[in-house]
Number of protein chains: 2
Amino acid sequence: MEKEISQAVIGRLPRYFRYLGELKDNGVQRISSQELSSLMKVTASQIRQDLNNFGGFGQQGYGYNVEYLYQEIGNILGLNVEHHLIIIGAGNLGQALANYLNFEKRGFLFKGIFDCNPALYGRKVRSLTVQPMEAVESFILENQVDIAVLTIPKESAVEVADMLVKNGVKAIWNFAHVDLNVPEGIQVENVHLSDSLMKLSYNLAKYNSQPT
Amino acid sequence: MEKEISQAVIGRLPRYFRYLGELKDNGVQRISSQELSSLMKVTASQIRQDLNNFGGFGQQGYGYNVEYLYQEIGNILGLNVEHHLIIIGAGNLGQALANYLNFEKRGFLFKGIFDCNPALYGRKVRSLTVQPMEAVESFILENQVDIAVLTIPKESAVEVADMLVKNGVKAIWNFAHVDLNVPEGIQVENVHLSDSLMKLSYNLAKYNSQPT
């Protein structure tokens, strides 16, 4: 694939994937862009434009083959490849993510969970055992870990991210409330929960200040 | 404020707020858009454009007053008003959010946590006690709850959101992996964790498939 696809389009793909998965589970075999449009509440033209980035998939007069489009979007999203993840930070959030079974169904396999708090060492989180941070480096190598989930306070996140990247981690799913500074080629996806809550707060304040 | 501000701009405000807060905590009193630009790794022109949506704040030859801009962005984000939140779903994620103290510092006060699983009733999460779902309706009214956090499976989320809105909740912070269908004027902010992980997976697959 040569063309550069915008992150906005990429950001919408998982939602297509989710709707197509539900249609598939409900036995729907094909769907027109109009039907998909009214279901997803985006314009049919947006759907066609988004999917045309990847070659289209639709056929005039037929619409989209649900199973095929679902598989193709899954492949585009890299879900046809297994990923090995570790979680750094075994607090509430780290444990919540480790317990979330849907990730495993999509090929995101949690291989280990680590913390720097000795009180947590040995604690079981699903099938994982909390290990000390000192064990991370060799663990990454032995388990071909490609994705690290950072659920630690912002104070240590930058330094820990550096260490992970030096040891071969290719992608970081960052829940620490700080911008990481990683080398070219290392992928970072941030989940800044308080940013999201503030955006909600803005929209709430704005709507309620409108003249009625 | 009459002008319609794009959600993309709104989405960037919390990041400005975070950087300005850190500058303030470090004793910095003023900063030029160039300095802020190199710190935040966005162009100075983007910063000026974003802030001009709200009236500017900068002075030629002086730059930005850090404390003032921090306060103003906080006000725009609605952080000068206290919010009363309830959490629906006392699983790992609900408990993780209830334990996150930084939200309270910003005026987001967790007032209650609810679940439909009797095994969890009475359990303490910080200063909150897990209550049955039947208690939600009267609780919302008595505690002037304006924001509900949905950390329940997608199967029940749509129905629960309807009930919350009927009882006066004005905003939903939705972690359930489904699109809610709420009336005009009700604010929803989605945190779809698996969408975020799939975006990471896409970028990982794309980068690694590039010719080197």
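In the block above lies the structure referred to throughout.
Here the structure is a predicted model, which is why all the values come from computation and not from measurement. (Residues numbered from 1 in each chain as written. Chains lettered and ligands numbered in written order. Predicted model: local features only at pLDDT ≥ 70, side-chain atom pairs only at ≥ 80, totals over all residues. Heavy atoms only, no water.)

Undergrad: Looking at this structure, I do not really get the relation of the copies chain A and chain B. What am I missing?
TA: Superposition of the two copies of the chain requires a rotation about an axis and a shift along the axis. Mapping chain A onto chain B is achieved by rotating through 180° and translating by 0.0 Å along the same axis, at an RMSD of 0.0 Å. In short, the pair behaves as if placed about a two-fold rotation axis. With an isologous cut-off of 70% or more, the 98% of interface residues of chain A that recur at the interface of chain B puts this contact in the isologous class. (Least-squares fit on C-alpha atoms with pLDDT ≥ 70 in both. Contact = heavy atoms within 4.5 Å.)

Undergrad: How should I be thinking about the pairing of strand E7 (residues 147–150) of chain A in this particular structure?
TA: Walk down a regular strand and you will see the side chains alternate between the two sheet faces. All names here are of chain A. Burial along E7 is two-sided: the face carrying Ile147 and Val149 and the face carrying Ala148 and Leu150 are both buried. Across four bridges, strand E3 (residues 83–88) lies against E7 in parallel orientation. Bridge assignment links Ile88 to a residue of E7, and that residue is Leu150. Judged from the four bridges that link them, E7 and strand E8 (residues 171–174) form a sheet pairing that is parallel. By the bridge assignment, Val149 is partnered in E8 with Trp173. (Buried < 20%, exposed > 50% of the residue type's maximum accessible area, 1.4 Å probe, protein only. Helix = DSSP H or I, 4+ residues; strand = E, 2+ residues; numbered from the N terminus. Pairing = 2+ DSSP bridges.)

Undergrad: Please explain the layout of surface pockets as it appears in this structure.
TA: One water molecule sets the probe size; rolling that probe over the atoms shows where empty space is left. Roughly 2100 Å³ of internal volume is contained in the largest pocket. Looking at the lining of the largest pocket, the elements with two or more residues in it are helix H1 (7–25), strand E9 (187–190) and helix H9 (193–209) of chain A together with helix H1 (7–25), helix H2 (33–40), strand E9 (187–190) and helix H9 (193–208) of chain B. Sorting elements by how many residues they give to the lining of the largest pocket places H1(A) first, with eight residues. Within the lining of the largest pocket, the residues separate by chemical class into 21 nonpolar, 13 polar and 14 charged. (1 Å grid on protein atoms, 1.4 Å probe; cavity = no way out; pocket = protein on both sides within 12 Å on 5 of 7 lines; lining within 4 Å. Points joined across faces, edges and corners; volume = space filled by probe spheres on them. Nonpolar A, V, L, I, M, F, W, Y, C, P; charged D, E, K, R; others polar.)

Undergrad: Can you walk me through the side chain of His177(B) in this structure?
TA: Mapped onto the secondary structure, His177(B) falls in the loop between strand E8 (171–174) and E9. Overall, His177(B) belongs to the buried group, its relative accessible area being 16%. Here the side chain of His177(B) touches Arg18(A) through a polar contact of 3.2 Å, side chain to side chain. Polar side-chain contacts of His177(B) include one of 3.3 Å to the side chain of Ser194(B). With residues near it in sequence (within four places) discarded, His177(B) still touches Arg18(A), Tyr100(A), Lys154(B), His192(B), Ser194(B) and Asp195(B). (Polar contact = N/O pair within 3.5 Å; in protein donor to acceptor, adjacent residues only side chain to side chain.)

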